[in-house]
Amino acid sequence: MAGPGKGFAGPGESGRAAAGLWSRDFGLFFVARAVAKLGDTMLPVALAAGLLRHGYGAGAVGLAMAATAACFASLVVFGGVFADRFSTRLLMIGADVARLGTQALAAGLFFTGHVVLWQICVIGAVNGAAAAVFQPGVASTVPRLAADVQKANGAIRVAESGAQLAGPAVAGVLVGLASPGAVFAAHAGTYALSALCLLLLRLPPAAPGSRAPSLGFKRDLAVGWREFRARTWLWGVIAIWCVLMITVTGPTTPLVAVTVVEQHGSGAYGLVNSALGAGTVVGGVIALRLRPRRMLRAGALALIGFAAFPASVGAQLGVGLMVVGAVVAGAGTSFWAVMWATSVQTQVPVDVLNRIHAYDVAGSLAMLPVGQALAGPAAAAFGAERVLLMGGVMVLVVCGALLSVAEIRGLVRVGAGPAAGSPIPPLPETGAPPPPPHHKKPRGQ
């Protein structure tokens, strides 16, 4: 893939923050991401406790959550077009303000006891739409705030993992001491704090020539898709990731929950789940220190560790070994996530980065509900333990597939030498000059 040239997010590019990670502006963005993640992980507890308390069942809880996920997945690609054409900071602030309003409204409904399912679903749908506007801008914000993109992604990953560990516990305490409405109010507060941090944030100016003129919404959307399709390492990872979603990630969450609770109790499941979260913190810390030359190859090797999670549960090992497997799995997936995010943010032209990140997010999530829907029928046909064991095997298959694609395993980190693949020239209509030529393959291949 093309390395840093004009319009590419390479190190030393004008518009990039000065060397060093913990600047005032990166600190503000770091806090914004951490508190938003804290609030997001509180929401499932609030929805479950609140709807069950008002006489609704598990199906209603799932419907309310699905309203958010469906709107996000269906609109995030359009959010990427907006993020490449307008101020990402203002779009993110607007999305946070919208979610502040919806969660404050939800808190009011639960406080007053006037809880109607369709209203909660509409609120969830608006939240999903706002998240679709917010998320694409994250991709281009990180490289503009930090010269060391990998370290920035690692730090954010650690913060989000810590928030993910704390969120459900905080929500549980608030439900116990107050009410589900209090959790929604706190969630609204996290969006208020995130919006404030982003309001105080000052992004450095974009690099000259990094934003091509708009060709119209439909054409901009098509350009993003063309750029996405033109990078084998990019669409190749997403295609392989869809297999992981269907065969492993989708079935694992519900089947692990049912299997561990039935065999060892809810306390053991909470311990295993916490271990998975602790592992993601470990993986983020490791990603702060290790700087592999071929990032996706290293990430794919680390991702092998994810097999330990479904396999340890499917093999009916003791709780202690399940905890170890969860830590290893969390560390592997977290390290992969940092390697992947950094590769996308540094290898993709700045003027289409948000759109490509949106295609990445949409593609990664597309098959998750399919895997979740197949979990029940597969468990009924083969047994939950066998499905989980097969999930462990499929992790190895997926990692093998990632490593078998030359463009994926050979992609060289920006700044470490020529990157894999030939450069992709922009469409003539964008008016941007083509990047400087590079060798088609990295040295040594």
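Cut-off values and rules
Residues numbered from 1 in each chain as written. Predicted model: local features only at pLDDT ≥ 70, side-chain atom pairs only at ≥ 80, totals over all residues. Heavy atoms only, no water. Helix = DSSP H or I, 4+ residues; strand = E, 2+ residues; numbered from the N terminus. Buried < 20%, exposed > 50% of the residue type's maximum accessible area, 1.4 Å probe, protein only. Contact = heavy atoms within 4.5 Å. Areas by Shrake-Rupley, 256 points an atom, 1.4 Å probe, with all protein chains shown as cover. Phe/Tyr/Trp six-rings, centres within 6.5 Å; stacked < 30°, edge-to-face > 60°. Polar contact = N/O pair within 3.5 Å; in protein donor to acceptor, adjacent residues only side chain to side chain. Salt bridge = Lys/Arg side-chain N within 4 Å of Asp/Glu carboxyl O. Core = buried A, V, L, I, M, F, W, Y, C linked by side-chain atoms within 4.5 Å. Patch = residues over 30% accessible without salt bridge, like charges linked within 9 Å, V, L, I, M, F, W, Y side chains within 5 Å. Axes fitted to C-alpha atoms, helices over the stretch in contact; angles between N-to-C directions. Parallel < 35°, antiparallel > 145°, perpendicular 65-115°, else oblique. Left-handed = near helix turned anticlockwise from the far one by under 90°. Nonpolar A, V, L, I, M, F, W, Y, C, P; charged D, E, K, R; others polar. Lys, Arg positive; Asp, Glu negative; His and termini not counted. pLDDT = per-residue confidence, 0-100.

Caption draft 1: Representation of the overall build of the protein chain within the structure. Counting its secondary structure elements, the protein chain contains 16 helices and 0 strands. A burial count over the protein chain gives 51% of its 445 residues as buried. Sequence separation of at least 24 residues holds for 85% of the intrachain contacts in the protein chain that already meet a minimum separation of 6. Total accessible area on the protein chain stands at roughly 17700 Å², and carbon and sulfur atoms take up 70% of it.

Caption draft 2: Here's a closer look at the environment of Ala341. Of note, Ala341 is situated in helix α12 (residues 319–347). With 19 residues separating them in the primary sequence, Ala341 and Asp360 have C-alpha atoms 9.9 Å apart.

Caption draft 3: Geometry of the packing of aromatic side chains. Following the criterion strictly, the structure yields 11 aromatic pairs and no others. Among the aromatic residues, those joined into a ring-pair cluster are Trp233, Trp241, Trp336 and Trp340.

Caption draft 4: Molecular detail of the environment of Ser23. Along the polypeptide, Ser23 turns up in the segment before α1 (24–53). Under the relative-accessibility criterion, Ser23 is labelled partly exposed at 31%. A distance of 3.1 Å separates the side chain of Ser23 from the backbone nitrogen of Phe26, its partner in a polar contact.

Caption draft 5: Main features of the side chain of Asp25. Summarising the element assignment, Asp25 is placed in helix α1. If sequence neighbours within four positions are ignored, Asp25 has contacts with Leu145, Leu200, Leu201 and Arg202.

Caption draft 6: Just the pattern of salt bridges, in detail. One pass over the structure, following the stated rule, counts 6 salt bridges. Asp25 serves as the salt-bridge partner of Arg24, at 2.7 Å between the closest nitrogen and oxygen. By relative accessible area, Arg24 is classed as exposed at 52%. Looking at Asp25, the relative accessible area reads 17%, which means it is buried.

Caption draft 7: Quick peek at helix α10 (residues 295–303). What α10 keeps buried is the set Met295, Leu296, Ala298, Gly299, Ala300 and Leu303. Tucked inside the fold, the buried residues of α10 contact α5 (149–177), α8 (232–264), α12, α15 (384–404) and α16 (406–409).

Caption draft 8: The nonpolar core, seen in detail. Counting residues in each nonpolar core, the largest one holds 59 residues, and the members touching the most others are Val76, Trp233, Leu296, Trp336, Trp340 and Leu402. With 12 residues, α8 is the single largest residue contributor to this core. Apart from residues lying up to four places away in sequence, Leu402 is in contact with Val237, Ile240, Ala300, Leu303, Trp336, Ile408 and Arg409. Leu43, Ala46, Leu47 and Ala67 belong to the second largest nonpolar core, which has 22 residues in total.

Caption draft 9: Geometry of a nonpolar patch on the surface. Taken together, the side chains of Val31, Leu193, Leu196, Leu199 and Leu200 make up a nonpolar region of the molecular surface, amounting to roughly 390 Å² of accessible area. Counting residues per element, the nonpolar patch draws most heavily on helix α6 (residues 180–200), which supplies 4 residues. Mapped onto the elements, Leu193 comes out in helix α6. Exposure remark for Leu193: the relative accessible area of 36% places this residue in the partly exposed category.

Caption draft 10: Up close: the packing of α1 against helix α4 (residues 117–145). At a minimum axis separation of 12 Å, α1 and α4 run at an interaxial angle of 160 degrees. In terms of orientation, α1 lies roughly antiparallel with respect to α4. Note that α1 runs across α4; the crossing there is left-handed. Here α1 contributes Asp25, Phe26, Phe29, Arg33, Leu47 and Leu51 to the contact with α4, which in turn contributes Leu117, Ile120, Phe134, Gln135, Val138, Thr141, Val142 and Leu145. The residue makeup of the contact of α1 with α4, split by class, is 10 nonpolar, 2 polar and 2 charged.

Caption draft 11: Seen up close, the side chain of Arg413. Mapped onto the elements of the fold, Arg413 is located in the segment after α16. Of the side chains with opposite charge, Asp148 lies nearest to the buried Arg413, which makes no salt bridge, at 5.9 Å. Excluding anything up to four places from it in sequence, Arg413 contacts Gln150, Arg291, Pro292, Arg293, Met295 and Gln347.

Caption draft 12: Spotlight on the environment of Leu396. Of note, Leu396 is situated in helix α15. The spacing of Leu396 and Ala300 is 96 residues in sequence and 9.7 Å in space, taken between C-alpha atoms.

Caption draft 13: Summary view of the confidence of the model for the protein chain. On average, the protein chain scores 81 in pLDDT, and the residues at 70 or more come to 86%. Every residue in residues 417–445 is under pLDDT 50, and counting partners more than four places away or in other chains gives 65 contacts.

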